[in-house]
Amino acid sequence: MVSVNELREMYVDMVTARHYEERLQEEYLEGKQPAFDISAGPIPGELHLAAGHEASAAGVCQHLRDDDTVTAPHRPHHVAIAKGVDLERMTAEIFGRETGLGKGKGGHMHLFDPDVGFACSGIIAEGCPPAAGAGLAAKKRNTDSVAVAYLGEGAIDQGAFLESLNFAAVHDLPVVFVVEDNDWAISMPKGRVTDVENGAQRAGGFDMPGVRVDHDDAVAIYDAAKEAIGRARDRNGPTLMEVQVHRRMGHFMGDPESYRPEEDQEAAAERDSIARLEADLQSHGVDEESIEELRDDAHERVEDAIAFAKDQPEPDPSAAHEDVFVNPPSGVTDTEPEYDLAGGDD
Amino acid sequence: MAQKEHSKVIERELTMSRAMVEAIAHEMRENEEVFYMGEDVADYGGIFDSTQGLLDEFGYDRIMDVPISETAYLGAAVGAAQEGMRPIAELMFVDFFGVAMDQIYNQMAKNTYMSGGNVSVPLVLTAAVGGTYNDAAQHSQTLYGTFAHVPGLKVVVPSTAYDAKGLMHNAIRDDDPVMYMFHKRLMGIGWLPAPDGPKTPVPEEDYTIPFGSADVKREGDDVTIVTLGLHVHRALEAAESLADDGVSAEVVDLRSLVPLDTDTVVESVEKTGNLVVVDEDYRSFGVTGEIVASVAEENLGALDSVERLAVPDVPIPYSRPLENEVVPDVADIEAAVERTQ
């Protein structure tokens, strides 16, 4: 059973993530008016916001520790927040600043915070193999840490995902694959690209447990993840989870969503996992005032992170030439003694 | 081979595969975080003998056979490396890169940069390369240029047992991802006879050859032949025969493409004035053009003549006379050198 304290923690993660996305949307659009120029404004490039996905981040990451590894896809902010990524440096990265997690070289799809075991990648499903590798490392080192790979439902037809399921299963790796089903792969509804309605069924082909959580419900996700992550931590192998989430914004900022029926958008707006969790909190005796306090604190933290980021210097252009290698240029020191190779050419 | 004074005499000779395996075994004994993954690397010992004998000493946990899922296991190697382990993963044929290219080009090569240097990927990706045995277009490529092109991968290509061991020690100890590209024809496999050159004396103890140190395999005054891998030996054979005609050829073995030892190449060209670059990869947008351009940028005036020999922008054909036509051989190298004289 989830404790009241855990409900509070999940709520904080979720409202932090929601407010974060709403504020990034505002910041992103600044400078992109009246004409939308993707390279203009304080946050340039693509921006994939996760409003509506918060429950899957909070419900799963509630069970994770700093020594557990998470890989996330191109829509990573909510997971990063729930995993405990440094919010100020993450925001500085999204604003392309020198003190960002990647010194301004990665941007919002490529956030790395090794201190809390978080990484993400902009290529669909390609975070799955490295997550399997983190699980492999845990197994080899005989620790009880686990790895979680997040992906969207549009990624479940990718080879990288399917290969990783098999790899994790055959080696009994402590990995949980979390498919966030928001119904849309950009403009493509799931039913048009796969006959499998429940993505967790894919697990059956690999002799792995598969579970689907049908609701935008942080507590239901928490319960399912508890079992899956517990199984991984106890060295009983991987699990595939699919969780229903909803997409409150476009695929990326600037997506006109002309392909999406209005009623679908309205339905998504109505199934709000945050409102549901508020009701759960209240049923556990947490009053409206306390909830508001949690929310205000979370909002303040977001505002502080954004203010911090905007206050940071842009990188010096010369830094573009650094960090290709951690060990430039030739690797370790020469230890070649002096030999006379008999029989060598002479 | 670089000969040094006051040195210890080494008599023991190894094939290139034995030398490679010796380095891997040494590093595995020293560091429990080193392990090897690939297809048919355990019981079989590697299709090209790259892991021969390692299973007996280290067992299935550290010499891991994997599903035929290059994306999964190369990506798992990236993930394990990012956790601080030191995996070695093998692509049985470099030609199989296509099914796992995202993990190589977008993850392994770029994660360090995109993290601002906060993430390191100490991974060695070994791959068998090269043709000359009629295996056709999907199993005969070297693809040196493909891997040297993307920023973030160190790329090494041994041509002798001695170099193979020193470069392997360095590769495993390096904190960055390294592509270790070994030529099938040089390994000393029973069913794929090697030329004479790659079997060399190899010290029993460990030693590292730093990347970015090209080796002058033969000194000469009239022409510089820059090459790598199998073609080091073809160039040496050509140089031997050219010497009979009074042409003194210097043979520079690059040993690594990233980093590239431009200094050694330029120094040699400044001495000889003539440059012949020989490569088993495709001609256009590859090693030959890169070497010529690097020398031209450094010292255009030193170049009296330039020749490049490579696979002439056709897929590698199957039939013996066809493959022989497109892969540079000793006679082709001699002819190219003669054109510079």
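Residues numbered from 1 in each chain as written. Chains lettered and ligands numbered in written order. Predicted model: local features only at pLDDT ≥ 70, side-chain atom pairs only at ≥ 80, totals over all residues.

Here we look at the overall build of chain A
Summing up its helical and strand segments, chain A has 10 helices and 10 strands in all. Computed over the C-alpha atoms, the radius of gyration of chain A is 22 Å, within 12% of the 20 Å expected from 2.2 N^0.38 for a compact globule of 346 residues. Along the first, second and third principal axes, the C-alpha set of chain A runs to 85 × 50 × 40 Å. Expressed as a percentage of its 346 residues, the buried residues of chain A come to 50%. Long-range pairs, those at least 24 residues apart, make up 75% of the contacts in chain A with a sequence separation of at least 6. (Helix = DSSP H or I, 4+ residues; strand = E, 2+ residues; numbered from the N terminus. Rg over C-alpha atoms; globule rule 2.2 N^0.38 Å. Buried ≥ 20, exposed ≤ 12 C-beta atoms within 10 Å, placed from the backbone. Contact = placed C-beta atoms within 7 Å.)

Thoughts on the overall build of chain B
Looking only at helices and strands, one finds 12 helices and 15 strands in chain B. By the compact-globule yardstick of 20 Å for 341 residues, chain B fits well, its C-alpha radius of gyration being 19 Å. The C-alpha extent of chain B, read off along each of the three principal axes, is 55 × 45 × 45 Å. By the burial criterion, 62% of the 341 residues in chain B qualify as buried.

Some details on the nonpolar core
If you look at the biggest cluster of nonpolar residues, it comprises 212 residues, and the most contacted ones within it are Val148(A), Val175(A), Met241(A), Met181(B) and Ile225(B). Mapping this core onto the domain boundaries places at least three of its residues in each of domain 1 (13-201) and domain 2 (215-340) of chain B. In this view, Val175(A) contacts Ala131(A), Ala132(A), Gly135(A), Val146(A), Ala147(A), Ala149(A), Ala168(A), Ala232(A) and Pro238(A); residues no more than four positions away in its chain are not counted. (Core = buried A, V, L, I, M, F, W, Y, C linked by C-beta atoms within 7 Å. Domains from an automatic or database assignment.)

So, the interface of chain B and chain A
With 62 residues of chain B in contact, the opposing surface of chain A contributes 49 residues. Of all the secondary-structure elements, those providing two or more residues to the side of chain B that touches chain A are strand E1 (8-10), helix H3 (70-82), helix H4 (101-108), helix H5 (111-114), helix H7 (161-173), strand E9 (200-201) and strand E10 (215-218) of chain B. The element best represented in the side of chain B that touches chain A is H3(B), accounting for 10 residues. Residues that form the side of chain B that touches chain A fall into these classes: 25 nonpolar, 24 polar and 13 charged. (Nonpolar A, V, L, I, M, F, W, Y, C, P; charged D, E, K, R; others polar.)

A few points about the sheet that holds strand E6 (residues 124-129) of chain B
Residues and elements named next belong to chain B. The strand order across the open sheet formed by seven strands is E4-E3-E5-E6-E8-E7-E13, and the pairing between neighbours is mixed. At either end of the open sheet lies a strand with only one pairing partner, and these are strand E4 (63-65) and strand E13 (256-258). Between one strand and the next, the sheet's axes are offset by a mean angle of 20°, whatever the strand orientation. As judged from the three bridges shared by strand E7 (residues 154-156) and strand E8 (residues 178-183), these two strands associate in the parallel manner. Of the residues in E8, the one forming a bridge with Val155 is Met179. Contacting strand E3 (34-38), strand E5 (86-91) and E6, H3 runs over the sheet at an angle of about 160° to E5. (Pairing = 2+ DSSP bridges. Axes fitted to C-alpha atoms, helices over the stretch in contact; angles between N-to-C directions.)

Observations regarding the environment of Val278(B)
Residue and element names in this part refer to chain B. Tracing the chain through its elements places Val278 in strand E14 (residues 274-282). The sequence separation of Val278 and Ser248 amounts to 30 residues, and the corresponding C-alpha distance is 17 Å. When neighbours within four sequence positions are excluded, Val278 is seen to be in contact with Ile225, Thr227, His231, Ala235, Leu309, Pro328 and Ile333.

Notes on unusual backbone geometry
The phi angle of most residues is negative, glycine excepted, and most peptide bonds adopt the trans form. Of note, the bond from Gln33(A) into Pro34(A) is cis; its omega dihedral lies within 30 degrees of zero at -5°. Residue Pro259(B) follows Val258(B) across a cis peptide bond; omega there is -5°. Counting through the fold element by element, Pro259(B) comes out in the loop between E13 and helix H9 (262-272). Positive phi, normally seen in glycine, also occurs at Ile186(A), with a value near 50°. Tracing the backbone shows Ile186(A) in the loop between strand E6 (184-185) and strand E7 (188-189).

Considerations on helix H6 (residues 159-170) of chain A
Taking 1.5 Å per residue as the helical rise, H6(A) with its 12 residues ought to reach 16 Å, and the 16 Å between its terminal C-alpha atoms agrees with that figure. Within H6(A) the residues assigned to the buried category are Ala160(A), Phe161(A), Glu163(A), Ser164(A), Leu165(A), Phe167(A), Ala168(A) and Ala169(A). Contacts from the buried residues of H6(A) go to helix H5 (128-141), strand E4 (147-152), strand E5 (175-181) and strand E9 (239-244) of chain A together with H3 of chain B. Just downstream of H6(A) lies Asp172(A), where phi reads positive at about 50°. (Expected span 1.5 Å × (residues − 1).)

Things to note about the UniProt feature "domain: Transketolase-like pyrimidine-binding" (unreviewed entry) in chain B
Those places that UniProt annotates as "domain: Transketolase-like pyrimidine-binding" (unreviewed entry) correspond, in this numbering, to residues 14-189 of chain B. Taken as a whole, residues 14-189 of chain B contains 39% helix and 17% strand, while its terminal C-alpha atoms sit 12 Å from one another. (UniProt positions renumbered as here; feature names shortened; annotations may be inferred.)

Structural notes on the domain arrangement of chain B
Residues and elements named next belong to chain B. As assigned here, chain B comprises domain 1 (13-201) and domain 2 (215-340). Between the C-alpha centres of domain 1 and domain 2 there is a distance of 25 Å. Residue-level contacts link 28 residues of domain 1 with 24 residues of domain 2. Counting only elements with at least two residues in the side of domain 1 that touches domain 2, the list comes to helix H6 (144-149), E7 and H7.

Some words on the sheet that holds E10(B)
All names here are of chain B. Sheet architecture is open: five strands sit in the order E10-E12-E11-E14-E15, paired in mixed fashion. This sheet does not close on itself; its edge strands, each paired only once, are E10 and strand E15 (305-311). For this sheet, the mean angle separating the axes of adjacent strands, direction not counted, is 25°. Direction of pairing for strand E11 (residues 223-227) relative to strand E12 (residues 249-253): parallel, over a ladder of five bridges. Looking at the pairing, Ile225 lines up with Val251 of E12. Where helix H10 (residues 287-299) meets the sheet, its contacts fall on E11, E14 and E15, and the angle it forms with E14 comes to roughly 150°.

Considerations on the pairing of E11(B)
Residue and element names in this part refer to chain B. For E11, the buried fraction is high: five of the five residues fall into the buried class. Neither face of E11 is exposed, since Val223, Ile225 and Thr227 on one face and Thr224 and Val226 on the opposite face are all buried. For the crossover that starts at E11, traverses helix H8 (residues 230-244) and ends in the parallel E12, the hand is right-handed. The pairing of E11 with E14 spans three bridges and is classified as parallel. Looking at E14, one finds that Val226 is bridged to Val277. (Right-handed = clockwise from strand over helix to strand, strands pointing away.)

Topic: the packing of helix H1 (residues 16-30) of chain B against H7(B)
Residue and element names in this part refer to chain B. Where H1 contacts H7, the axes come no closer than 8 Å and their chain directions differ by 25°. On the basis of the axis angle, H1 is roughly parallel to H7. In this structure, the crossing between H1 and H7 has a hand that is right-handed. In this structure, H1 contributes Met16, Arg18, Ala19, Met20, Glu22, Ala23, Ile24 and Glu27 to the contact, and H7 contributes Ala161, Tyr162, Ala164, Lys165, Met168, His169 and Ile172. (Parallel < 35°, antiparallel > 145°, perpendicular 65-115°, else oblique. Left-handed = near helix turned anticlockwise from the far one by under 90°.)

Considering helix H1 (residues 4-29) of chain A
The terminal C-alpha atoms of H1(A) lie 38 Å apart, and with 26 residues this matches the ideal 38 Å at 1.5 Å per residue to within 8%. Looking at the residues trailing H1(A), positive phi occurs at Gly31(A), about 90°.

Some thoughts on the environment of Pro238(A)
All names here are of chain A. Examined against the element boundaries, Pro238 turns out to sit in the loop between helix H7 (218-233) and E9. When the C-alpha positions of Pro238 and Asp207 are compared, they lie 9.9 Å apart, and in sequence the two are 31 residues distant. Once residues within four sequence positions are removed from consideration, Pro238 is found in contact with Ala168, Ala169, Leu173, Val175, Val176, Phe177, Met208 and Ala232.

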